[in-house]
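Architecture at a glance
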Amino acid sequence: MVQGESNKSANSSKHHMVGGEGPHSYLRNSEYQKQLLLSADDSIQDLISHHLDAGNPPRTFRIADFGCSVGPNAIQAVENIIKAVKIKFENSRSTPDFHVFFNDLIGSDFDTLFKNLPSPRNYFAAASPGSFHTQLFPKSTLNFAHCSTALHWLSRIPVEVTDRSSPAWNAGRIHYSGAGQAVRQAYSDQYAADMEAFLTARATELVPGGLMAVVVLGFPDGVVSSDSSIGKAFDILGSCLCDMARAGKIDEERVDSFNLPFYYPSPSELTALIEANGSYRIEKMAALAAPMRRRPDAAVLTSHLRAVIEVLVEEHFGNGVVEELFARHYEKLLKSPILVDEKFWKETNYFVFLKREEDL
Ligand SMILES: C[S@@+](CC[C@H](N)C(=O)[O-])C[C@H]1O[C@@H](n2cnc3c(N)ncnc32)[C@H](O)[C@@H]1O
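All residue numbers refer to positions counted from 1 along the written sequence of the respective chain. Residue-level local features of this predicted model are given only where pLDDT is at least 70; pairs of side-chain atoms are given and counted only at 80 or more, and the full residue set underlies all totals for whole chains, interfaces and linings. With hydrogens and water stripped out, all remaining heavy atoms of the structure feed into the side-chain values.

**Details of the overall build of the protein chain**
Put simply, the rule is: Secondary structure elements follow DSSP: runs of H or I of four or more residues count as helices, runs of E of two or more count as strands, with numbering from the N terminus. Throughout, the radius of gyration refers to the C-alpha atoms, and the reference size of a globule is 2.2 Å times the residue count to the power 0.38. For the exposure calls, accessible area comes from a 1.4 Å probe over protein chains only, and a residue counts as buried if that area is under 20% of its type's maximum, exposed if over 50%, partly exposed in between. Throughout, a residue-residue contact means that at least one pair of heavy atoms, one from each residue, lies within 4.5 Å. To be clear on the numbers: accessible area is Shrake-Rupley with a 1.4 Å probe, and residue cover counts the displayed protein chains and nothing else. Residues scored as charged are limited to Lys and Arg (positive) and Asp and Glu (negative), so that His and the chain ends carry no count. Here the site of a charge means atom NZ of a Lys, CZ of an Arg, CG of an Asp or CD of a Glu.
Scanning the protein chain for helices and strands turns up nine helices and seven strands. Taking 2.2 N^0.38 as the reference for a compact globule, 360 residues should give roughly 21 Å; the C-alpha atoms of the protein chain span a radius of gyration of 20 Å, in line with that estimate. Here the C-alpha coordinates of the protein chain stretch approximately 70 × 40 × 40 Å along the principal axes. A burial count over the protein chain gives 54% of its 360 residues as buried. Pairs at least 24 residues apart make up 84% of the contacts formed inside the protein chain by residues separated by at least 6 positions. In the form shown here, the protein chain has an accessible surface area of approximately 15700 Å², with 49% of it arising from carbon and sulfur atoms. Here the protein chain carries 35 positive and 44 negative side-chain charges, and the mean point of each set is 3 Å from the other.

Okay, here's the thing in structure tokens:
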């Protein structure tokens, strides 16, 4: 591929988190993602110890975190990886230098990320902006790829769901949650294409035998998204947008054309996509406990959702909608069964550890 082509991809350059360090920022509203990462830490340590080839340490060990956002979760993740790699190379003649690349979409708040980097630190840091659905590094240069709670982001909204003439037209909803099979299929097809692009790009960038750890948001096999807390929260958000359209505050057509670019695969879907790609051995795939499920709090749930979705809402509806939308969401959420009924907390998150095949 042509160097620098990465930034052309997708209509997703604005699909980033709320930046800065304010009350609605991702920095202050990413406890869920942090808990997930922490629950994968020990597995990452063990798997590096088992699967990293300690025979001949490289001079420079290159790690990339894909979809890093503004930290500190990404920083914590790479430090955990470096710790395990150092232990593995402890008895070798030389210890490599560590070069860490933080990747996110070009609109992401890299300033805040770099301000939060520890100083001093035991690695060199660089930004690598662009879509992770494209190749971002030269061939066979990465030793370790990491990606946490980012792969559910599609590179674009499936075209069919905004096409009035398609059976997958998703009017009055903002997601496949609660929608018919055609809508779900359109999302699932887009996810399959995006995962194939992601896996192929990483297989090109990783050295033979290179490792990849991924935390994926998903649902267990057989669980429909509308029976999960995430699906319900999206239904509520969609109904708030419809209420605002009825009240004449936003245009109904804008609501019909608004869809969230998220897809939550099941473990069997994920396995099938990785196997179909054929570049990796799956060394581990395990469910991670859903964090924050014990005492869901309407204010916290709304803030987390807002930190992730606000930029998308503003991009589509313009300024002036976000405050009222999330105030309405909070009020409806207070009355929703999600807060009291355990059955809605079924989303399962997966930890996946892959080893790139030696010969491709
Ligand atoms: C929920 S955040 C997770 C951030 C971080 N990994 C963590 O665990 O806290 C998802 C991140 O993925 C980024 N992202 C989404 N699509 C992307 C793409 N195609 N390429 C690079 N980053 C992407 C978003 O901008 C966002 O910062």
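From this point on, the discussion continues.
**Here's the deal with unusual backbone geometry**
That bond from S119 to P120 is cis: its omega, 0°, falls within 30 degrees of zero. You can see P120 is positioned in the loop between α3 (110-115) and β3 (124-127). Here the phi dihedral of S140 falls at roughly 50°; this positive angle occurs in a residue that is not glycine.

**Some details on the packing of aromatic side chains**
The condition that has to hold: Pairing of aromatic rings covers Phe, Tyr and the six-membered ring of Trp, with a centre-to-centre limit of 6.5 Å; geometry is then stacked below 30 degrees between planes, edge-to-face above 60, and tilted otherwise. Here, over-ring charges are defined by two tests on the NZ atom of lysine or the CZ atom of arginine: distance to the ring centre within 6 Å, and angle to the ring normal within 35 degrees.
Considering all chains together, one arrives at 17 aromatic pairs under this definition. Note on F66 and F137: the rings are 6.0 Å apart at their centroids and 85° apart in plane angle, and the pair reads as edge-to-face. Linking F66 in strand β1 (residues 60-66) with F137 in the loop between β3 and β4 (142-148), this pair joins segments that are 71 residues apart in sequence. For the pair F66 and F137, one class covers both residues: buried. For R202, the ring lying beneath its charged end belongs to F66, and the centroid distance is 4.0 Å.

**What about the sheet that holds strand β6 (residues 280-288)?**
Pairing between the strands of a sheet is mediated by backbone hydrogen bonds and can be parallel or antiparallel. We apply this condition: Two strands make a pair as long as DSSP finds a minimum of two bridges between them. To obtain each axis, a line is fitted to C-alpha atoms, and for helices this fit is confined to the stretch in contact; angles are then taken between N-to-C directions over 0 to 180 degrees.
Read across the sheet, seven strands follow the order β3-β2-β1-β4-β5-β7-β6 without closing on themselves; strand pairing throughout is mixed. Lying at the two open borders of the sheet, with one neighbouring strand each, are β3 and β6. Taking each pair of neighbouring strands and ignoring which way they run, the sheet shows an average axis angle of 15°. Pairing between β6 and strand β7 (residues 348-356): eight bridges, direction antiparallel. Counted as the bridge partner of K284 is F353 from β7.

**Some remarks on the packing of helix α5 (residues 229-246) against helix α9 (residues 322-334)**
Let me state the cut-off plainly: Geometric relationships in this document are graded by angle, where less than 35 degrees denotes roughly parallel, more than 145 denotes roughly antiparallel, 65 to 115 denotes roughly perpendicular, and other angles denote oblique. Working rule for handedness: look at the near helix, and if it is turned counterclockwise from the far one by less than a right angle, call the crossing left-handed; if clockwise, right-handed.
One way to put it is that α5 packs onto α9 with a least axis distance of 9 Å and a crossing angle of 125°. The angle between α5 and α9 places the two elements in the oblique class. Handedness of the α5/α9 crossing: right-handed. On α9, the residues touching A233, I236, L237, S239, C240, L241, D243 and M244 of α5 are E324, L325, F326, R328, H329, K332 and L333.

**A short note on the state of the cysteines**
Definition in use: Pairs of cysteine sulfur atoms within 2.5 Å are identified as disulfides in what follows.
What the rule picks out here adds up to zero disulfides. Unpaired in this structure, C68 has its nearest cysteine sulfur neighbour in C147, at a distance of 10 Å. Here C68 falls in the buried class, since its relative accessible area comes to 5%. Free cysteine C240: the closest other cysteine sulfur is in C242, separated by 9.2 Å. The class for C240 is buried, based on a relative accessible area of 0%.

**Describing the pattern of salt bridges**
Our working rule: When a carboxyl oxygen of Asp or Glu lies within 4 Å of a side-chain nitrogen of Lys or Arg, that pair is called a salt bridge.
For the structure shown, the criterion picks out nine salt bridges. The partner of R202 in a salt bridge is E205, and the shortest N-O contact between them spans 2.7 Å. One end of the pair is R202 and the other is E205, both in helix α4 (residues 181-205) and three residues apart, which spans about a single turn. R202 gets classed as buried once you look at its relative accessible area, which sits at 0%.

**Re α9**
Each full turn of the α-helix corresponds to 3.6 residues, which orients residues three or four apart in the same direction. Going by this rule: Expected span of a helix: the number of residues minus one, times 1.5 Å. Within this analysis, the arc is defined by the directions that extend from the helix axis to the C-beta atoms.
Between its first and last C-alpha atoms α9 spans 18 Å; for 13 residues at 1.5 Å apiece the expected length is 18 Å, and the two agree. Of all the residues in α9, the buried ones are V322, L325, F326, H329 and L333. Along the long axis of α9, the arc covered by the buried residues comes to 85°, so they all point the same way. Structurally, α9 contributes buried residues whose contacts are with α5 and α8 (298-317).

**Some thoughts on the pairing of β3**
We count it as follows: For the handedness criterion, the strands are oriented away from the viewer, and a crossover whose path from the first strand over the helix to the second runs clockwise is classed as right-handed.
Strand direction decides the pairing type here: strand β2 (residues 97-103) and β3, joined by four bridges, are parallel. Among the inter-strand pairings, F101 is bridged to a residue of β3, identified as A126. What joins β2 to β3 is α3, and the crossover it makes is right-handed.

**What about the side chain of D243?**
For the record, the criterion: For the purposes of these results, a polar contact is taken to be a pair of N or O atoms within 3.5 Å, where, inside protein, one atom must be able to donate a hydrogen and its partner to accept one; residues adjacent in sequence count only when each atom of the pair is a side-chain atom.
Inspection of the secondary structure puts D243 in helix α5. Among the polar contacts made by the side chain of D243, one reaches the side chain of R246 at a distance of 2.7 Å. If we skip the residues at most four places from it in the chain, D243 touches R328 and K332.

By themselves, these are just geometric observations and shouldn't be taken as functional.
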